[in-house]
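Summary of structural features
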Amino acid sequence: MATLRFILNGKDIQVENVEPATPLARLLRDRLGLIGTKIGCGEGECGACTVIVDGKAVVSCLYPAWKAQGARVETIEGLKQGDQLHVLQQSFVDANASQCGYCTPGFIMSAKALLDAHPRPSRQEIVEAIRGNLCRCTGYYQIVDAIELAARRLADEDNGPRPAEEGRGRILP
């Protein structure tokens, strides 16, 4: 079997003996130990397995690993810089946008793909971008609020809470 090569979270990697039918999510979790990518439904319906391939959000439970040959793949593990959470991760924390957290990596990766392509999305564009992600614990309001907060923070290059936001349980747009 040939060697699969791609850029994963900024690092060149190669994986030997990848079966042709292996989904990218299985490769990431089982062979590369990146368990932040969740497998919920395994049918591309819930979005828990969302990763970014060449700038686009994909459901990795259906995405053939071999399609990533030569591509740039980003997972939730690639966002954090040292001890510093990515602004999207911190915004999810600050906006109370996750409960059990199982779906959160997928939401964050969908949001990252959106914000990378459209740094100032409307609330409707955010809703459209996360349409393929399901959450059974929270309402979607906090998730959309968190993405709006991240967009504002990225625009301001201010990753910390704003004085007016501190101490509030819910951040409104």
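Let me begin by describing the structure that accompanies this report. Small disclaimer: the values here were computed from a predicted structure and weren't measured.

Regarding the pairing of strand 2 (residues 11–15)
Two elements, strand 1 (residues 4–8) and strand 2, share five bridges in a ladder whose sense is antiparallel. Each bridged residue has a counterpart across the sheet, and for Leu8 the counterpart in strand 2 is Lys11. Here strand 1 hands over to strand 2 after two residues, with Asn9 in that stretch at a positive phi of 50 degrees.

Some thoughts on the sheet that holds strand 2
On the basis of which strands lie adjacent, the open sheet formed by five strands has the order 2-1-5-3-4 and mixed pairing. Because the sheet does not close on itself, it has two edges, and the strands there are strand 2 and strand 4 (56–59). Going across the sheet, the axis of each strand differs from the next one's by a mean of 40 degrees, ignoring polarity. Relative to strand 4, strand 3 (residues 50–53) is paired through four bridges, and the arrangement is antiparallel. In the sheet register, Val53 faces strand 4, and the bridge partner there is Lys56.

What about the packing of helix 2 (residues 87–94) against helix 5 (residues 141–156)?
Geometrically, a packed helix pair is captured by the angle between its two axes and the distance between the axes. Remark: helix 2 packs on helix 5, axes separated minimally by 8 Å, with the N-to-C direction vectors making an angle of 135 degrees. Taken together, helix 2 and helix 5 sit at an angle that is classed as oblique. For the pair helix 2 and helix 5, the sense of crossing is right-handed. Along its contact with helix 2, which presents Val87, Leu88, Gln90, Ser91, Phe92 and Asp94, the element helix 5 presents Ile143, Ala146, Ile147, Leu149, Ala150, Arg153 and Leu154. Looking at the contact of helix 2 with helix 5, its residues break down into nine nonpolar, two polar and two charged.

Considerations on helix 2
Of all eight residues that make up helix 2, six are buried, and the element is covered over most of its length. Taken together, the buried positions of helix 2 are occupied by Val87, Leu88, Gln89, Ser91, Phe92 and Asp94. The inward-facing, buried residues of helix 2 contact helix 3 (104–117) and helix 5.

Concerning the pattern of salt bridges
For the structure shown, the criterion picks out seven salt bridges. Of the charged contacts in the structure, one is a salt bridge between Lys112 and Asp116, with a shortest N-O distance of 2.7 Å. With Lys112 and Asp116 both in helix 3 and four residues apart, this pair spans about one turn of that helix. With a relative accessible area of 10%, Lys112 lands in the buried category. As a salt-bridge pair, Arg123 and Glu148 come within 2.6 Å of each other at their nearest N and O atoms. Linking Arg123 in helix 4 (residues 123–129) with Glu148 in helix 5, this pair joins segments that are 25 residues apart in sequence. Given a relative accessible area of 29%, Arg123 falls into the partly exposed group. Each of Glu74, Lys112 and Asp116 takes part in one network of salt bridges that share partners.

Comments concerning the side chain of Lys38
As for its position among the elements, Lys38 is in the loop between helix 1 (24–31) and strand 3. No salt bridge is formed by the buried Lys38, whose closest oppositely charged neighbour, Glu77, lies at an N-O distance of 7.0 Å.

Definitions and limits used
- Note on numbering: residues in each chain are counted from 1, in written sequence order.
- Selection of residues for local features in this predicted model requires a pLDDT of at least 70, selection of side-chain atom pairs for listing and counting requires 80 or more, and totals for whole chains, interfaces and linings are taken over all residues.
- Neither water nor hydrogens contribute to the side-chain values; these are computed over all heavy atoms in the structure.
- A strand pair is defined by DSSP finding two or more bridges across the two strands.
- Labels follow the DSSP assignment, with helices taken as runs of H or I lasting at least four residues and strands as runs of E lasting at least two, numbered in each case from the N terminus.
- For helices, the fitted line uses only the C-alpha atoms of the stretch in contact; every axis is such a line through C-alpha atoms, and the angle between N-to-C directions lies from 0 to 180 degrees.
- Any angle that is under 35 degrees is reported as roughly parallel, and any over 145 degrees as roughly antiparallel; angles of 65 to 115 degrees are reported as roughly perpendicular and all others as oblique.
- Helix crossings get a hand from a simple test, with the near helix turned counterclockwise from the far one by less than a right angle marking a left-handed crossing and a clockwise turn marking a right-handed one.
- Residue contacts follow a heavy-atom distance rule, with two residues in contact if any of their heavy atoms lie within 4.5 Å.
- For this scheme, ten residues count as nonpolar: Ala, Val, Leu, Ile, Met, Phe, Trp, Tyr, Cys and Pro. Four count as charged, namely Asp, Glu, Lys and Arg, and the remainder, Gly too, count as polar.
- For every residue, the accessible area (1.4 Å probe, protein chains only) is compared with the maximum for its type, and the residue is labelled buried under 20%, exposed over 50%, or partly exposed between those bounds.
- Basic side-chain nitrogens of Lys or Arg form a salt bridge, by our definition, when they fall within 4 Å of a carboxyl oxygen of Asp or Glu.
- By the counting rule applied here, Lys and Arg register as positive and Asp and Glu as negative, while His and the ends of each chain are not counted.

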